[in-house]
Amino acid sequence: MQSMIHDGSFEGFLTTVFQVYDLGFKEVDICTAAKYQQNIFGGGYFVTSEPSKADRVWKGLQQKLSEAAMKQFYKTWLSEIDGIENIMLSYVRYVFSSTVSVEKDFSHPAVLVITDTAKKVHREKHRMEAFVRFQLTKDQLYFAIVEPDFNVLPIIQKHFKSRYADQRWMIYDGRRKYGIYYDLDKVAYIQVNFEEDVNSGKDISVQYGEGEILYQQLWKTYFGSINIAARKNMKLHIQHMPRRYWKFLTEK
């Protein structure tokens, strides 16, 4: 089996798919450079990302799949599940080898995994859109930190750019160590070197702008006033707002 190692980007993965076909490899194991461990029986094949090759694979899939299926394919990539690249390659091979649409053929293992995984990522996307809580810093930047199960920042930026079009904001993924920043014009991907006093971005209270502490106190008071103890249903509450999000919620 041939190990195929790419740089971890979606473009890198698509380039790897192109190389699999171009070199005629039958049995491969695709992984990122970060996850690759040297095989004592042989080295891996390192793939350099090439936009032209990645684009050819993407356009080839567009000719065979609906827009909804293309979105599912991309969301599956964002899941970052171990081994997902190999399942996606199996899906691509099935798509290209068939003369009819296969995106609803759930009898094929890869199609089923792609569909189910995309749904999980989509649910996480909606949770992030609902649970992100911004804090205003001294330089008038609205900052939020999240730690989603999946890499959803690329697919939530449109929502926040539309909703907060008149504010500078940044959403930082504490697990993946990168963020998205909106400068009132466009959204860009950034990496941040945090000062020691903000605990890797998880506690920016020392950078709060004027009125931010008062706002948080008011929000907690409001949340407490509408929380009727007699009607408390913790099981339902956790179902709609899982505990893993609580540490980033102002009302908690």
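The sections below set out a description of the structure shown in this document.

Calculation rules
Here the residue numbering is sequential within each chain, running from 1 through the sequence in written order. Residues qualify for local features only when their pLDDT is at least 70, as the model is predicted, and side-chain atom pairs are given and counted only at 80 or more; totals for whole chains, interfaces and linings, by contrast, use all residues. Side-chain metrics in this entry use all non-hydrogen atoms of the structure; hydrogen atoms and water are not considered. For the purposes of this entry, the term helix denotes a DSSP run of H or I that reaches at least four residues, the term strand denotes a run of E that reaches at least two, and both are numbered from the N terminus. Buried, partly exposed and exposed residues are distinguished by accessible area as a fraction of the type maximum, computed with a 1.4 Å probe on protein chains only: under 20%, between the cut-offs, and over 50%, respectively. By definition, residues are in contact when any of their heavy atoms lie within 4.5 Å. The accessible surface values rely on the Shrake-Rupley method and a 1.4 Å probe; as for residues, cover is taken only from the protein chains in view. To estimate the expected span of a helix, subtract one from its residue number and multiply by 1.5 Å. The pairing criterion for strands is at least two bridges between them, as found by DSSP. Only the contacting stretch of a helix is used when fitting its axis, a line to C-alpha atoms as for every element, and angles between N-to-C directions run 0 to 180 degrees. Handedness of a crossover is defined as follows: orient the strands so they point away from the viewer, and if the path from the first strand over the helix to the second runs clockwise, the crossover is right-handed. Roughly parallel means an angle under 35 degrees; roughly antiparallel means over 145; roughly perpendicular covers 65 to 115; every other angle is labelled oblique. Candidates for patches are residues over 30% relative accessible area with no salt bridge; among them, like charges are joined within 9 Å and nonpolar side chains (Val, Leu, Ile, Met, Phe, Trp, Tyr) within 5 Å. Take a side-chain nitrogen of Lys or Arg and a carboxyl oxygen of Asp or Glu: if they are within 4 Å of each other, that pair is a salt bridge. Only four residue types enter the charge count: Lys and Arg as positive, Asp and Glu as negative, with His and the chain ends excluded. To locate a charge, the coordinates of NZ of Lys, CZ of Arg, CG of Asp or CD of Glu are taken. By nonpolar core we mean a set of buried residues, namely Ala, Val, Leu, Ile, Met, Phe, Trp, Tyr and Cys, connected to one another through side-chain atoms within 4.5 Å.

### Here we look at the overall build of the protein
Turning to step 1, where the next piece is worked out: In terms of helices and strands, the protein carries 8 helices and 8 strands.
Turning to step 2, where the next piece is worked out: Residues classed as buried in the protein amount to 42% of the 252 residues present.
Turning to step 3, where the next piece is worked out: Long-range pairs, those at least 24 residues apart, make up 67% of the contacts in the protein between residues at least 6 apart in sequence.
Turning to step 4, where the next piece is worked out: In the form shown here, the protein has an accessible surface area of approximately 14,700 Å², with 51% of it arising from carbon and sulfur atoms.

### Observations regarding helix 5 (residues 109-131)
Turning to step 1, where the next piece is worked out: Given a rise of 1.5 Å per residue, 23 residues ought to cover 33 Å, and the 33 Å separating the end C-alpha atoms of helix 5 matches this to within 8%.
Turning to step 2, where the next piece is worked out: Of all the residues in helix 5, the buried ones are Ala110, Val111, Ile114, Thr115, Thr117, Ala118, Val121, Glu124, Lys125, Met128, Glu129 and Phe131.

### As for the sheet that holds strand 3 (residues 45-46)
Turning to step 1, where the next piece is worked out: What the 3 strands build is an open sheet, ordered 2-1-3; its pairing is parallel. Across the chains shown, the open sheet's two edge strands, defined by having one partner strand only, are strand 2 (28-32) and strand 3.
Turning to step 2, where the next piece is worked out: Here strand 1 (residues 2-6) runs beside strand 3; their pairing, made up of 2 bridges, is parallel. Opposite Ile5, over in strand 3, you have Phe46 as the bridge partner.
Turning to step 3, where the next piece is worked out: Across the sheet, helix 1 (residues 10-23) touches strand 1, strand 2 and strand 3, and the angle it forms with strand 1 is around 145°.

### Quick notes on the pairing of strand 1
Turning to step 1, where the next piece is worked out: Strand 1 sits mainly inside the fold: 4 of its 5 residues count as buried.
Turning to step 2, where the next piece is worked out: Of the pairings in the sheet, the one linking strand 1 to strand 2 comprises 5 bridges and is parallel in character. For Gln2, the partnering residue across the bridge sits in strand 2 and is Val28.
Turning to step 3, where the next piece is worked out: One crossover worth recording links strand 1 to the parallel strand 2 by way of helix 1, and it is right-handed.

### Considering the packing of helix 1 against helix 2 (residues 51-62)
Turning to step 1, where the next piece is worked out: Across the interface, helix 1 lies against helix 2 with an axial gap of 8 Å and an inter-helix angle of 75°. When the interaxial angle is binned, helix 1 and helix 2 end up roughly perpendicular. The residues of helix 2 that touch helix 1, namely those facing Phe10, Glu11, Leu14, Thr15, Val17, Phe18 and Gln19, are Pro51, Lys53, Ala54, Arg56, Val57 and Trp58.

### Some points on unusual backbone geometry
Turning to step 1, where the next piece is worked out: The backbone phi angle of Glu80 is positive, close to 60°, even though this residue is not glycine.
Turning to step 2, where the next piece is worked out: Note that Glu80 resides in the loop between helix 3 (67-78) and helix 4 (84-97).
Turning to step 3, where the next piece is worked out: Overall, the relative accessible area of 37% leaves Glu80 in the partly exposed class.
Turning to step 4, where the next piece is worked out: One non-glycine residue with positive phi stands out, namely Lys177, at about 60°.
Turning to step 5, where the next piece is worked out: Following the sequence through the fold, Lys177 ends up in the loop between strand 6 (169-173) and strand 7 (178-182).
Turning to step 6, where the next piece is worked out: For Lys177, a relative accessible area of 41% corresponds to the partly exposed category.

### As for a positive patch on the surface
Turning to step 1, where the next piece is worked out: A contiguous patch of positive charge on the surface is contributed by Lys104, Lys119, Lys120 and Arg123.
Turning to step 2, where the next piece is worked out: Structurally, Lys104 is set in the loop between helix 4 and helix 5.
Turning to step 3, where the next piece is worked out: When its relative accessible area of 64% is taken as the criterion, Lys104 is described as exposed.

### Here we look at the nonpolar core
One broad rule of soluble globular proteins: the nonpolar side chains tend to lie buried together.
Turning to step 1, where the next piece is worked out: Ranked by size, the top nonpolar core spans 48 residues in total, and within it Phe13, Phe73, Tyr91, Trp169 and Ile171 carry the most contacts.
Turning to step 2, where the next piece is worked out: If near-sequence neighbours (up to four positions away) are discounted, Trp169 is found in contact with Phe134, Leu141, Tyr142, Gln157, Phe160, Lys161, Tyr164, Ile180, Tyr181, Tyr182 and Val187.
Turning to step 3, where the next piece is worked out: Among the nonpolar cores identified, the runner-up in size contains 5 residues, and Leu141, Phe143, Ile145 and Tyr172 belong to it.

### Looking at the pattern of salt bridges
Turning to step 1, where the next piece is worked out: Enumeration over the complete set of coordinates arrives at 8 salt bridges.
Turning to step 2, where the next piece is worked out: A salt bridge links Lys71 to Glu67; the shortest N-O distance between them is 3.7 Å. Of this pair, Lys71 and Glu67 both sit in helix 3, 4 residues apart, roughly one helical turn.
Turning to step 3, where the next piece is worked out: Assessed through its relative accessible area of 59%, Glu67 is described here as exposed.
Turning to step 4, where the next piece is worked out: We note a salt bridge from Asp173 to Arg176, for which the minimum N-O separation is 2.8 Å.
Turning to step 5, where the next piece is worked out: For Asp173, a relative accessible area of 0% puts it in the buried group.
Turning to step 6, where the next piece is worked out: Here Arg176 falls in the buried class, since its relative accessible area comes to 17%.

Everything listed here is a matter of coordinates, which is why it stays silent on function.
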